[in-house]
Amino acid sequence: MERILITSALPYINGIKHLGTLVGSMLSADVFARFKKARGHEVLFLCATDEHGTPTELAAMEAGKDVRTFCDEQHLLQKAACEKFDLGWDHFGRSSSPQNKELTQHFARQLWKNGFLEVRTTKQVYSNADGRFLPDRYVIGTCPHCGYEKARGDQCENCTRVLDPIDLIKPRSAVSGSDDIEIRDSTHLFLKQSEFVPQLRQWIDSHKNEWSNIVYSIANKWLEEGLQDRGITRDVDWGVPVPDDIADGKLKGKVFYVWFDAPIEYIGATKEWADANGKGNSWKSWWYGEESKDVRYYEFMGKDNVPFHTVGFPVTIMGSGEPWKLVDQIKGFNWLNYYSGKFSTSEHRGVFMDSAIEILPADYWRYYLMANAPESSDSSFTFEHFASVVNKDLADVLGNFVNRITKFCVARFDGKVPGEGEYGDEEKALIAEMEKRFAQYTAYFEAIEYRKALAELRAIWVAGNEYLTRAAPWTHIKTDRAKAAVAVRMGLNLVHLFAHLAWPIMPTMAKKIHEAIQPVAGDGKIIPWPDMPMAKELDDLEPGMAIHAPDVLFAKITDEQIAEWTARFGGADSA
RNA sequence: GGCAGCGUAGCUCAGUGGUAGAGCAGGGGAAUCAUAAUCCCUUGGUCGGGGGUUCAAAUCCCUCCGCUGCUACCA
C-alpha cells in the first residue's frame with residue numbers, strides 16, 4: 001500500500017493564525033491525513049513554524065525580546081492553539097531547527113557545486129537609524145506616480161503600481177520613520193532559476209490534469225512570463241547562515257532567504273520527527289531515492305504559496321542533482337474573507353484560532369470551515385452563515401438524528417440493540433443508497449474535493465432521517481414490536497456508521513457519537529474508514545448490546561450569541 | 001499598466017456544447033421518536049452587459065463592466 005506524505009504550508013511564527021490560514025493549509029491537511037490514516041495507509045503528516053525573516057526580527061524587537069526567545073514562545077503558543085483544534089500531525093517542527101540548518105546548507109552547497117548559484121551585487125536600502133538593511137516594503141515614501149504619501153517601496157497601495165524603493169520621493173524607514181537612509185551595495189547569491197525552465201515545464205505539464213485549475217495556472221503563469229533568477233540570501237541576522245565554503249566566504253554574515261529554507265523544513269521536520277522518536281536514518285525513506293518510490297506526497301497551501309512550491313522549491317531539488325522527492329499533488333486554496341474584507345493578522349481583524357476555540361469546540365469550526373472551504377473562489381466567513389450551517393447541519397440533521405433514535409431505544413427497548421425481525425425492502429433500499437453515497441463520499445475525499453465531500457456526508461445524514469420517517473418505529477411499536485425493532489436496529493447501525501464517516505472531519509464528536517453505541521476499538525486514536533459492504537456495516541451491531549443516549553451533541557447558536565460575537569470581533573460594519 | 005482567478009436563485013455554491021441545479025432562507029402540508037428537531041411538496045434565475053460561432057451556448061470566440069489577487073526583497 002502507498003505510503004502517504006503530507007505537509008501543510010508552514011504558518012509564519014509571527015502570531016496566532018486566523019481561520020483563513022487554518023482552513024487553507026493546516027486543517028485541510030489534517031482532515032486529509034486523518035482520512036488516509038482511517039483507510040489504513042501509513043501516513044506521515046508534518047508541519048512546522050516558519051521562523052526566519054525580517055518580520056520576525058521586528059516583532060521580537062517590538063516585544064523587547066531576543067529573536068530566539070520570541071520564537072521559542074510563539075512556537076509553543078501556536079502549537080498549543082493547533083492542538084486544541086485537533087491538528088494531529090506526527091511532528092510540528094521549527095524551520096530554525098539544527099536539522100533544517102544542516103539540510104539548507106547541504107542544498108546550497110549542492111547548488112553551488114553544480115554551478116546553479118551566482119554571486120551578484122545589488123543595491124539595497126540601508127537605514128542608519130535602524131542599523132539594518134530594509135526590505136523594499138519596509139521603505140515608505142511618496143508615490144512618484146500618484147502622490148500617495150504612504151506608498152511602500154515595492155508597490156503603491158493607492159495606485160497599485162509596482163515601484164522600486166529608489167523611485168520614492170522622501171523615502172524613510174517604515175520601522176523607525178527615519179529618513180537617514182542610503183543605498184548600499186550588497187553581495188548576494190542568486191539561484192539560476194532561468195536554466196530550469198524546460199525541466200520545470202515538463203514537470204508542471206505532467207501534472208496538468210491532476211492539479212486544480214488555480215494551482216496549474218499560477219505555476220504556468222510564472223513560466224509564461226519568463227522565469228528570472230532569484231536572490232536567495234538576505235542581509236538579516238535571523239536565519240540559516242551561508243557557509244564560508246560557498247563563494248570563498250564572500251557572503252559572510254548573511255543568511256538564506258526565508259523562502260529558501262522554509263520548504264526545506266518539510267524535509268527538516270521529517271528528520272526532527274525521526275530524531276525525536278529514535279527512528280535514526282529512516283526519515284530518508286520518505287524523501288530520497290529508490291526507497292521513496294512508494295511514497296505519494298501531498299502539499300496543502302493558500303494560493304499565495306503556490307509559486308514557491310511549483311517553482312522555487314522544485315528548482316532547489318532539481319538543482320541539487322540528487323534524487324529528492326518532488327511533490328505529487330498540490331491542493332491550493334483561495335482566500336477566506338471575514339465578512340466582505342480581509343482577515344488581517346497585522347490589524348487583528350477577524351477570528352483567530354485562540355479566540356475561536358474559546359467560543360465553541362473545535363469540531364463546530366472544523367465542519368463549517370471544510371464544508372465551506374474556499375476551493376473554487378474566495379469566500380466569506382460570517383457569523384450569520386456559520387450559525388445557520390451549525391444549527392441546521394450539525395444540530396438538526398446529525399445531532400438530532402443520534403438523539404432521537406438513541407432516546408427511543410432507551411425508552412422502548414431498554415437501551416439495548418433489539419434483535420427481533422429481519423431487514424426488509426425498506427432496509428435493502430437504504431443499504432443500496434448508502435453503498436452509492438459512501439462510494440461517492442470516498443471518491444470526493446480521494447480527490448480532495450471538500451465542499452462536495454461534505455455535501456455528500458450531509459446527504460448521508462439526511463438519508464438516515466428519511467429512512468426513519470418511512471420506517472416510523474414510533475408508530476409500529478403500538479402494533480408490531482418486531483417491525484419497530486428492525487427500524488431501531490437500523491437506526492443505531494446508522495449512528496455507528498455516521499461516527500466512522502465523520503471522524504476525519506470531527507474527531508472528537510465522532511468518538512462521542514461512536515461511544516454512545518460502543519467503545520472505539522483499538523487504542524481509540526483512529527476510527528477506521530468503513531471499507532466494507534454496507535449490508536455488513538449496517539447490520540454490524542450485536543443484538544442485546546447496551547447503548548446510551550448522549551447529551552445534546554451540538555448546541556444551537558442563538559441570535560444573542562451572534563450579536564455578542566459580532567460585537568466582540570467586528571461584523572459587517574467593521575469592513 | 002500586465003497577468004491570473006472569479007461573476008449562475010434573496011444567501012452559499014454545483015454545473016465546460018444538448019430541456020438551468022443543490023443546500024439554506026421563503027410558502028404549503030404530514031408526522032409526533034427527537035435539541036420545535038424531522039419528512040414531503042413548492043415559489044424563485046434574460047447564468048455580469050453586448051456581439052459572434054453553432055442545429056443547439058452558463059459552457060467555445062471577441063469585447064466591455066465589476067470584484068479579488070499576483071507583479072519576483074512581506075511571508
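Preceding this section is the structure that the text describes.
The following refers to the structure shown. (Residues numbered from 1 in each chain as written. Chains lettered and ligands numbered in written order. Predicted model: local features only at pLDDT ≥ 70, side-chain atom pairs only at ≥ 80, totals over all residues. Heavy atoms only, no water.)

## Structural notes on the protein's contact with RNA strand B
Applied cut-off: A molecule or strand has a residue near it when one of that residue's heavy atoms lies within 4 Å. In the analysis that follows, any N or O atom pair within 3.5 Å is treated as a polar contact, provided that within protein one partner can donate a hydrogen and the other can accept it, and provided that, for residues neighboring in sequence, both atoms belong to side chains. We count a stretch as a helix when DSSP gives it H or I for four or more residues in a row; a strand needs E for two or more, and each element gets its number in order from the N terminus.
As a structural note, the neighbourhood of RNA strand B is formed by 58 residues, with Gln124, Gln155, Ser376, Asn400 and Lys407 the closest of them. Backbone sugar and phosphate groups make up 64% of those atoms of RNA strand B lying within 4 Å of the protein. At a separation of 3.5 Å, a sugar or linking oxygen of RNA strand B approaches a polar side-chain atom of Glu225. The separation between a base nitrogen of RNA strand B and a polar side-chain atom of Trp259 is 3.2 Å. Of all elements in the fold, only helix H2 (54–62), strand E4 (117–127), helix H6 (213–224), helix H7 (258–276), helix H11 (383–412) and helix H13 (450–471) reach the threshold of two or more residues within the surface near RNA strand B. The element contributing the most residues to the surface near RNA strand B is H11, with ten residues.

## Focus on the environment of Glu322
Going by this rule: In this analysis, two residues are considered to be in contact whenever any of their non-hydrogen atoms come within 4.5 Å of each other.
Within the secondary structure layout, Glu322 lies in the loop between helix H8 (306–320) and strand E14 (329–333). Taking C-alpha positions, Glu322 is 8.1 Å from Gly289, a pair spaced 33 residues apart along the chain. Setting aside residues no more than four positions away along its own chain, Glu322 makes contact with His106, Gln110, Tyr288 and Ile317.

## So, the packing of aromatic side chains
Rules: Centre distance within 6.5 Å is the pairing criterion for rings of Phe, Tyr and Trp, where only the six-membered ring of Trp is used; planes under 30 degrees apart are then read as stacked, over 60 as edge-to-face, and the remainder as tilted. In our convention, an over-ring charge means Lys NZ or Arg CZ found within 6 Å of a ring centre and within 35 degrees of that ring's normal.
The final tally for this structure, using the stated rule, is 36 aromatic pairs. Among the aromatic side chains, those forming a connected cluster through ring pairs are Tyr338, Tyr339, Phe343, Trp365, Tyr368, Phe381, Phe383, Phe386, Trp565 and Phe569. Here the basic side chain of Arg3 rests over the ring of Trp286, its NZ or CZ set 4.7 Å away from the ring centre. Taking the ring centre of Phe333 as reference, the NZ or CZ of Lys331 above it sits at 5.4 Å.

## Here's the deal with the packing of H2 against helix H3 (residues 67–84)
Here is the rule: Interaxial angle, 0 to 180 degrees, is taken between N-to-C directions of lines fitted to C-alpha atoms, where a helix line uses only the stretch in contact. If an angle is under 35 degrees, it is roughly parallel; if it is over 145, roughly antiparallel; if it lies from 65 to 115, roughly perpendicular; otherwise it is oblique. Each residue gets one label: Ala, Val, Leu, Ile, Met, Phe, Trp, Tyr, Cys and Pro are nonpolar, Asp, Glu, Lys and Arg are charged, and the others, such as Gly, are polar.
Contact pair H2 / H3: the axes reach a minimum separation of 9 Å and the direction vectors enclose 95°. Accordingly, the angle class assigned to the pair H2 and H3 is roughly perpendicular. Contact residues: H2 offers Thr56, Glu57, Ala59 and Ala60, while H3 offers Val67, Phe70 and Cys71. Here the contact of H2 with H3 is composed, by residue class, of five nonpolar, one polar and one charged.

## Some thoughts on the sheet that holds E14
Keep this limit in mind: In short, DSSP must find at least two bridges between two strands for them to pair.
On the basis of which strands lie adjacent, the open sheet formed by five strands has the order E3-E2-E1-E13-E14 and parallel pairing. With partners counted over all chains shown, the strands left at the sheet margins are strand E3 (91–94) and E14, one partner each. Averaged over neighbouring strand pairs, the angle between their axes works out to 20° when direction is ignored. Looking at chain direction, strand E13 (residues 295–302) and E14 are connected through five bridges and run parallel. In the strand pairing of E14, Tyr298 is matched with Gln329. Together, strand E1 (3–8), strand E2 (42–49), E3 and E13 form the strand contacts of H7, whose direction differs from that of E2 by roughly 110°. Strand contacts of H8: E13 and E14, with the helix running at about 135° to E13, the strand carrying the most contacts.

## A short note on the side chain of Glu456
What counts, and what does not: Partly exposed describes any residue whose relative accessible area lies between the buried limit of under 20% and the exposed limit of over 50%, with all areas from a 1.4 Å probe on protein chains only and scaled to the type maximum.
The topology assignment puts Glu456 in helix H13. Judged by relative accessible area, which is 12%, Glu456 ranks as buried.

## Re unusual backbone geometry
Residue Asp86 is not a glycine yet carries a positive backbone phi of 60°. With respect to the helices and strands, the residue Asp86 is situated in the loop between H3 and E3. Positive phi values are uncommon outside glycine, yet Lys170 reaches one of about 50°. Relative to the assigned elements, Lys170 resides in strand E8 (residues 169–173). A residue is classified by how much of its surface remains accessible, and Lys170, at 65% relative accessible area, is exposed.

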